[in-house]
Amino acid sequence: MDIYQLLRSYLGSTLRQRAIRSPWTYRLLKQAVAAQKRHYPWQAAHRLLLNTIDQAAAAFLQKGPVIWHNVFFPTEVLYGLGTVPFAPEAAAVVATGLGIAERALQRAEGDWVSSEACSFHRLAHGCDREGYFPPPGAVVCSSHLCDTAPQSLAATAAYHGVPFYLLDVPHQQDDTALEYVARQLKSITFSLVETLNLAWDEDRFQAALVNSNAARERLLAINRLRQQRPACIRGEEAHSFIYLMLAGFGAATSVEVYGELLTELAQRYRDQRRAVPEEKARLVWLHLRPYYPNAIFQILEQEAGAVVVCEEMNYVYWEPLDPERPFYSLARKVLSHHGLGPITRRIEAILAMVDAYQAGGVIHFAHWGCRQSTAGLRMLQDALRERGIPFLNLEGDCVDQSKYAPGAVRTRLEGFLEMLL
Amino acid sequence: MSKLMGWLCHYTPVEILTALGYTPYRLLGRKGNNPRAATYLPGNLCPYVQSCLEAAIKQELPPLAGVVIARSCNAMIHLANVWPRYGLKGKILILEVPRRLDDNAVFYFSQNLRRLASELAHSGERQLNEERLWAAISWWEEQRAAWRKLLTCRAAGEDPPGGEEIMDGLARWQTPLNQREAEKWETVINRLARQPCRKSARRPRLLLSGSILPQELIAMVEACGGLSVFEDSCNARRLLLAPAVGAEGDPYLYLARLYLGGPPCPRMVNDREKRCRYWAEAVDRFHIQGVIYHAMKFCDAAMYDFLALKSFCEKRGLPLLRLDGDFSGGNRGQWQTRIEAFLEMLEVR
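Criteria and cut-off values
- Residues numbered from 1 in each chain as written.
- Chains lettered and ligands numbered in written order.
- Predicted model: local features only at pLDDT ≥ 70, side-chain atom pairs only at ≥ 80, totals over all residues.
- Heavy atoms only, no water.
- Helix = DSSP H or I, 4+ residues; strand = E, 2+ residues; numbered from the N terminus.
- Rg over C-alpha atoms; globule rule 2.2 N^0.38 Å.
- Buried < 20%, exposed > 50% of the residue type's maximum accessible area, 1.4 Å probe, protein only.
- Lys, Arg positive; Asp, Glu negative; His and termini not counted.
- Charge placed at Lys NZ, Arg CZ, Asp CG, Glu CD.
- Contact = heavy atoms within 4.5 Å.
- pLDDT = per-residue confidence, 0-100.
- Buried area = accessible area lost by both parts, 1.4 Å probe.
- Salt bridge = Lys/Arg side-chain N within 4 Å of Asp/Glu carboxyl O.
- Polar contact = N/O pair within 3.5 Å; in protein donor to acceptor, adjacent residues only side chain to side chain.
- Pairing = 2+ DSSP bridges.
- 1 Å grid on protein atoms, 1.4 Å probe; cavity = no way out; pocket = protein on both sides within 12 Å on 5 of 7 lines; lining within 4 Å.
- Points joined across faces, edges and corners; volume = space filled by probe spheres on them.
- Nonpolar A, V, L, I, M, F, W, Y, C, P; charged D, E, K, R; others polar.

Turning to the overall build of chain B, a few remarks are in order. For chain B, the helix and strand inventory stands at 13 helices and eight strands. Rg of the C-alpha trace for chain B: 20 Å, near the compact-globule value of 20 Å for 349 residues, within the 12% margin. Overall size of chain B, expressed as C-alpha extent along the three principal axes, is 60 × 45 × 40 Å. The 349 residues of chain B split such that 63% are buried. Between the centroid of the 47 positive side chains of chain B and the centroid of its 38 negative side chains there is a distance of 3 Å.

A few words on the environment of alanine 34 of chain A. Residues and elements named next belong to chain A. With respect to the helices, strands and loops of the structure, alanine 34 is situated in helix H3 (residues 23-35). For the pair formed by alanine 34 and serine 143, sequence separation is 109 residues and the distance between their alpha carbons is 38 Å. Beyond its immediate stretch of four places on either side in the chain, alanine 34 contacts His46 and Leu50.

Here the focus is the confidence of the model for chain B. All names here are of chain B. Within chain B, residue pLDDT values average 91, and 94% of them lie at 70 or more. At the level of individual helices and strands, chain B shows its lowest average pLDDT in helix H8 (residues 185-194), which scores 87, and its highest in strand E2 (residues 23-26), which scores 97. As scored by the predictor, the complex reaches a pTM of 0.94 and an ipTM of 0.93.

At the junction of the two partners, chain B supplies 41 residues and chain A supplies 43 residues. Taken over both partners, the interface formed by chain B and chain A buries close to 3,900 Å², and the fraction arising from carbon and sulfur atoms is 53%. Remark: the boundary between chain B and chain A carries six salt bridges. The partner of glutamate 116 of chain A in a salt bridge is lysine 297 of chain B, with the nearest N and O atoms 2.6 Å apart. For the interface between chain B and chain A, the tally reads 23 residue pairs in polar contact (both at pLDDT 80 or more). Of all the elements in the fold, those that place two or more residues in the side of chain B that touches chain A are helix H3 (74-86), helix H4 (103-123), helix H12 (300-316) and strand E8 (320-325) of chain B.

With that settled, the discussion passes to the pairing of strand E8 (residues 391-396) of chain A. Across a regular strand the side chains alternate sides, sitting on one face of the sheet and then on the other. All names here are of chain A. Counting buried residues in E8 gives five out of six residues, a clear majority hidden from the surface. Judged from the six bridges that link them, strand E7 (residues 361-367) and E8 form a sheet pairing that is parallel. Note that in E8 the partner of valine 362 across the bridge is phenylalanine 391.

A few words on empty space enclosed by the protein. Applying the stated criterion across every chain, the model contains eight cavities of 30 Å³ or more. Considering only enclosed or pocket space, the largest cavity measures out at about 460 Å³ in volume. Contributing to the lining of the largest cavity are 33 residues, with Phe72, Leu145, Tyr317, His337 and His338 of chain A lying nearest its centre. Only helix H13 (242-247), helix H16 (326-335), helix H17 (343-356) and helix H18 (371-374) of chain A together with H3 of chain B provide two or more residues apiece to the lining of the largest cavity. Each residue belonging to the lining of the largest cavity can be placed in one class, and the counts come to 16 nonpolar, 13 polar and four charged. By volume, the second largest cavity is sized at about 340 Å³.

In structure tokens, the structure reads:
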């Protein structure tokens, strides 16, 4: 049974807001998911779902101080403090799957949140104001890459009357920037301890960094496997694990999921279980994908044999953390993001992905309202053209299904595939 | 060689440019569409930034020795990416501007300012010494103080120059074509101060707000019968920084505190309360009867700034009109209809 179908039926009543605050919801869900274990093509995906249900339960049942964060904030801090992290942008994806996006987007529009803004944040706004999200105890947000997240999360913090902490991340990667970010991280951490009356546990904090390193190692190993031909995991399947990059680093459960994925993937490579019967092309996928039902991966991978072998969001851009110097190493991680600084850094990173994964083409999904990802595309396109690498900029919206035009998407993909194959 | 140095964001410390012998020249965009810029930047990016790039590509700007681009928002960050490749020849200097105001941010910004001065000095005629920088700081403060004084007379309702004239004067003040012209700032202000107000003081008194305000909007508001008495934007009031409190002996620290501590731009999300206090003070002091918000299309900061202003106006019972604009000088018909209706509504209150 489709898990989203089950949830939709459970939450589709007038009691939906109450349902998400009932422990029975999560018990029922976990039982239903656990019973379906054999039907999951990847056991790691099954484990990830179970962990996510636990995390959602912890947030909605307020099992600890819930801290909202944007997807670029280093979550090691939040796990290290023993709090319950909640990423509204990631939760917006779940809301899309649950079929409540339309109503939530309407609510945001009614609250004058401009339709020009990123729909992840509009959707998160609507879900929050409609009572679908757990109320935060505090909100943290980093400023890098995205202008909307700090604005949207600051507004949410003001709405709930809770403290808002901004991690201001510059685009330089020098020592002064490192010092600036590290000091902020330290200040935010201890402000959270004080404001939320948390017990400071240095060992737990260091353990979060150790977990982060372990998850990183496993992800690197997974990525190394995916560089081999032929692909043994489809891009559509690999996309599910992006959630961990956005909200899971620092958690022990993420290490487990990556570990399981690594084991399964290694086995499949040993058995040569191909992701598609005939691999005709290998692609790098930039930015995110649409999270409502769509035919994009069906057209690419199943129909044309063009497998997405690398996702930009699964790219490991940082060096291992030093648990002895947590704030400096987290600052270094934040500043290492290839999207920071001149666009040439992102271009170099993407070209490196193309080389490492032996990709023949690049697709960028231009999510409406995401200016950080789309604004530099012309230079990226020029760089790829110089290397003779076909590039497709596929415009759309990750969470607003009303913006999806199946016919137009198929035409564009087929045109791209003709050029590629 | 030109001594004009272009700048865009109002967090750019023009004092450093002056101290190094440059004449700061603000890029204020251009009217009309930006077809060439649109081939380098996506359509849904800040029209002001597109407009500045278009002006550079079409060589509509005076000859500049270079341009300082502050990485103050996403659009500026991307402008900094494309400018060297498709924009203008000359020196490109990138300035990081924190989004917070605390000691850590002030110190960090001061380091960036020091670096900016050093990078500019390499191509300039002299290294920047602190005495020259302090002199430039005083010179700019003298100008800002005169502007503040002129604009404050509008609070008391003393026969003030209208918003259109003020905006025109401020635009000329930001775009001198040489140092001799820059030094005539007193003439610009005195001419404005002597100019009799041809607008009735009984007109509805308005606060106009936004990221950057197009001059034609203010002209239209006043042509329709309103009186713009407070322009909260980066090409108006937010330029008029008050001297920083607790001045340090280090001019870079002083400048960092001056700029970060000025009237906050919507990008300063941590300063939202300060921004509300800023509006409250303007409303009380300038006897504001209505507010018009110019929401620059695709400006993420403005979109959420509007929500904060809306909440503020609701609490104060102030009528608020939102007008979306793309900085092209278009939208005139729609703007005019809505402004007329808004002013009518204010008159019957």
